[in-house]
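Summary of the model geometry
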Amino acid sequence: MKSNNQRTVSHAIVVVCAALLFSAPTFAQSLLGHKYEFEAAPIREGEKAVIPLDTSDPSYNIWRQLRDLSKDPVREPGIINIQKYDFGLSYNSMPTFFHMPVAMSPADLKASKVDIAIMGAVTDMGSGMRGAAHGPNAVRNSNVYGGYGARQPHLHTMVDPLTDLVVADFGNAPIDIMSTERSMQPIREFVRSAAEVEINPGEHVIPIIVGGDHSLMYPDVAALTDVYGKGNVGVIHFDAHYDAGKYMMGHLISHGMPVYRLIEEGLVPGKNFIQVALRGYYPDEESFKWMREQGFRYHTMAEIEERGFQAVMEDVINEAQDGPEYLFVSFDIDTLDPSFVPGTGTPEPGGLTPREAFPIVRRLCAESNVVGFELVELAPMLDPTYVSALNANRLIKECMTGIAMRKQGLTEPHYLSPLTKTHGQN
Ligand SMILES: [Mn+2]
């Protein structure tokens, strides 16, 4: 039996909930960046609007203090193979990216003429659902079977990027794990330190960045515009979401805002953004109108449903070649359907299958001038299996295979090996 008091309390709760529900559309509209008319609550005496950082704290910059390599044994610059055995099983290896040697510095990249430097960046405060910080090491551990040290060609193309190219693990970028804002400039410097290394005249190290949340797209692309010039790098952006939010509780960067930042700062014009696989319930009409005004070329899942993936893929490849000289591929793992990647912070049903995503990534990296790639938003702890990391591993390998194909001159549209695409019997 309820007392009168209990009845009054539950009645009050119903009234409050109804009031909240009634005002919800206006609030949500404001939250998403339109007609923002809230007034800040008055600040009381002794209260601070924002608690400032203590820059005199001796640990203020400790996360970006590089270890003093001069205390290490003297060695010639070059990549360092840390594996014990020439050949081994994946799970008997030291977990570097694809079991590749380590580069401690840009001098190591230069001395060994590294084609691809893979690096981690553990940004995690730009996402509502945390967990992407564990992405890089999950990928380092994602070769769950098989071996290393022997040639293992990609069967579609019979190209093996790990033996045909020089690939190295460049370690992780410096991150203030409690601040997206403070991490951006150090990440930009870190990515630039690899991308600016020239291995042959006019040919630079290609950085592959494994995130980390998608706020990374801002420093990653900015680093490449530092090297190749403002406006000279186009972005092919695979994502369930457009990530061009303007408003987010006063923050100017988060995992939902890097596209807006890049455009706002004039680093990448809107016409040089190609987006693939947008779906779900965001963004709204105003945002799509803004994207059209900026000249975005977006390909939603609605378009893919209507025209088929193959037709849309051909358009994306053509559009990628009709733009600036240099390209960056930003792949948010939530592009794939959650049935293939449950391990991500903003899963969106109705996504691409691996059989759709792999060839387009491989083809972009083979058939256009891709100078950088990022794989972001892998949050392995949200996946009780290893399937999310496995698919992330393969996406990176598809791009590396494409880069190896391009360096070998295999740039014809949708190249497949004549040895494997058919058995060749009459
Ligand atoms: Mn994203």
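Look up a bit, the structure's there.
Residues numbered from 1 in each chain as written. Predicted model: local features only at pLDDT ≥ 70, side-chain atom pairs only at ≥ 80, totals over all residues.

Across its full length, the chain holds twelve helices and twelve strands. The C-alpha atoms of the chain give a radius of gyration of 24 Å, which matches the 22 Å a tight globule of 426 residues would have. Across its three principal axes, the chain shows a C-alpha extent of roughly 80 × 65 × 50 Å. Expressed as a percentage of the 426 residues in the chain, the buried residues total 45%. (Helix = DSSP H or I, 4+ residues; strand = E, 2+ residues; numbered from the N terminus. Rg over C-alpha atoms; globule rule 2.2 N^0.38 Å. Buried ≥ 20, exposed ≤ 12 C-beta atoms within 10 Å, placed from the backbone.)

Bringing the packing of helix H11 (residues 354-367) against helix H12 (residues 387-407) into the picture now. Contact pair H11 / H12: the axes reach a minimum separation of 7 Å and the direction vectors enclose 30°. Overall, the two elements H11 and H12 adopt an arrangement that is roughly parallel. Considering only the axes of H11 and H12, their crossing is right-handed. Facing Pro-354, Ala-357, Phe-358, Val-361, Arg-362, Arg-363, Leu-364, Cys-365 and Ala-366 of H11, the residues of H12 in contact are Asn-391, Arg-394, Leu-395, Glu-398, Cys-399, Thr-401, Gly-402, Ile-403, Met-405 and Arg-406. Counted by class, the contact of H11 with H12 contains eleven nonpolar, three polar and five charged residues. (Axes fitted to C-alpha atoms, helices over the stretch in contact; angles between N-to-C directions. Parallel < 35°, antiparallel > 145°, perpendicular 65-115°, else oblique. Left-handed = near helix turned anticlockwise from the far one by under 90°. Contact = placed C-beta atoms within 7 Å. Nonpolar A, V, L, I, M, F, W, Y, C, P; charged D, E, K, R; others polar.)

Attention now moves to the pairing of strand S2 (residues 116-121). Counting buried positions along S2 gives six out of six residues, so the element sits mostly inside the fold. Here S2 shows no split at all, with Ile-116, Ile-118 and Gly-120 on one side and Ala-117, Met-119 and Ala-121 on the other all buried. Across six bridges, S2 lies against strand S7 (residues 206-211) in parallel orientation. When the bridges of S7 are listed, Ile-116 appears paired with Ile-206. (Pairing = 2+ DSSP bridges.)

Spatial strand order, S4-S2-S7-S12-S11-S8-S9-S10: eight strands in an open sheet with parallel pairing. Across the chains shown, the open sheet's two edge strands, defined by having one partner strand only, are strand S4 (167-172) and strand S10 (297-300). Each adjacent strand pair in this sheet contributes to an overall mean axis angle of 15°, direction not counted. Packed on one face of the sheet, helix H5 (residues 180-195) meets S2, S4, S7 and strand S12 (370-376) and runs near 145° to S7. Sheet strands touched by H12: S2, S4, S7, strand S11 (326-332) and S12. Its angle to S12, the strand with the most contacts, is close to 175°.

For helix H10 (residues 309-321), spanning 13 residues, the distance from its first C-alpha to its last is 19 Å, which sits close to the expected 18 Å at 1.5 Å a residue. Within H10, the full set of buried residues consists of Phe-309, Val-312, Met-313, Val-316, Ile-317 and Ala-320. Here the buried residues of H10 occupy an arc of 140° about the axis, which is enough to place them on one side. Away from its buried face by more than 90 degrees, H10 exposes Gln-310, Ala-311 and Asn-318. Looking at the buried residues of H10, the elements they touch are strand S8 (233-238), strand S9 (273-278), S10, helix H9 (301-307), S11 and H11. (Expected span 1.5 Å × (residues − 1). Arc of directions from axis to C-beta.)

This next bit is on the environment of Ala-195. Structurally, the position occupied by Ala-195 is in helix H5. As for Ala-195 and Asp-220, which are separated by 25 residues in sequence, their C-alpha atoms are 10.0 Å apart. Apart from residues lying up to four places away in sequence, Ala-195 is in contact with His-204, Val-205, Pro-207, Ala-223, Leu-224, Val-227 and Gly-372.

Before going further, it helps to spend a moment on the packing of H10 against H11. It is at 10 Å that the axes of H10 and H11 come closest, and there the two elements cross at 20°. In terms of orientation, H10 lies roughly parallel with respect to H11. With respect to the hand of their crossing, H10 and H11 are arranged in right-handed fashion. Across the interface between the two elements, Phe-309, Met-313, Val-316, Ile-317 and Ala-320 from H10 touch Glu-356, Ile-360, Arg-363, Leu-364 and Glu-367 from H11. Grouping the amino acids of the contact of H10 with H11 by side-chain chemistry returns seven nonpolar, no polar and three charged.

So, on to the nonpolar core. Counting 108 residues, the largest nonpolar core has Ala-117, Val-221 and Val-329 as its most contacted members. No other element matches the nine residues that H12 contributes to this core. (Core = buried A, V, L, I, M, F, W, Y, C linked by C-beta atoms within 7 Å.)

Further remarks concern the environment of Ile-177. With respect to the element layout, Ile-177 can be found in the loop between S4 and H5. For Ile-177, a count of 13 C-beta atoms within 10 Å translates into the label partly exposed. For the pair Ile-177 and Trp-63, spaced 114 residues apart in the sequence, the C-alpha separation amounts to 8.7 Å.

Right, let's talk about the pairing of S9 for a bit. Regular strands place side chains that alternate from one sheet face to the opposite one. Among the six residues of S9, six are classified as buried, and the element is accordingly described as predominantly covered. As paired strands, S8 and S9 are joined by four bridges and run parallel to one another. Considered in S9, the bridge of Ile-236 is made with Ile-274. Between the parallel elements S8 and S9, the chain passes through helix H7 (residues 258-264) in a crossover that is right-handed. Relative to S10, S9 runs parallel, the two sharing four bridges. Bridging across to S10, Leu-278 finds its partner in Thr-300. With helix H8 (residues 285-294) bridging S9 and the parallel S10, this β-α-β connection has right-handed handedness. (Right-handed = clockwise from strand over helix to strand, strands pointing away.)

In this section: H11. In a regular helix each residue adds 1.5 Å, so 14 residues correspond to 20 Å; H11 covers 20 Å between its end C-alpha atoms and thus fits that length. In terms of residue burial, H11 counts as a mostly covered element, since eleven of its 14 residues are buried. Among all positions of H11, only Glu-356, Ala-357, Phe-358, Ile-360, Val-361, Arg-362, Arg-363, Leu-364, Cys-365, Ala-366 and Glu-367 are buried. The secondary structure elements touched by the buried residues of H11 are S8, H10, S11, S12 and H12.

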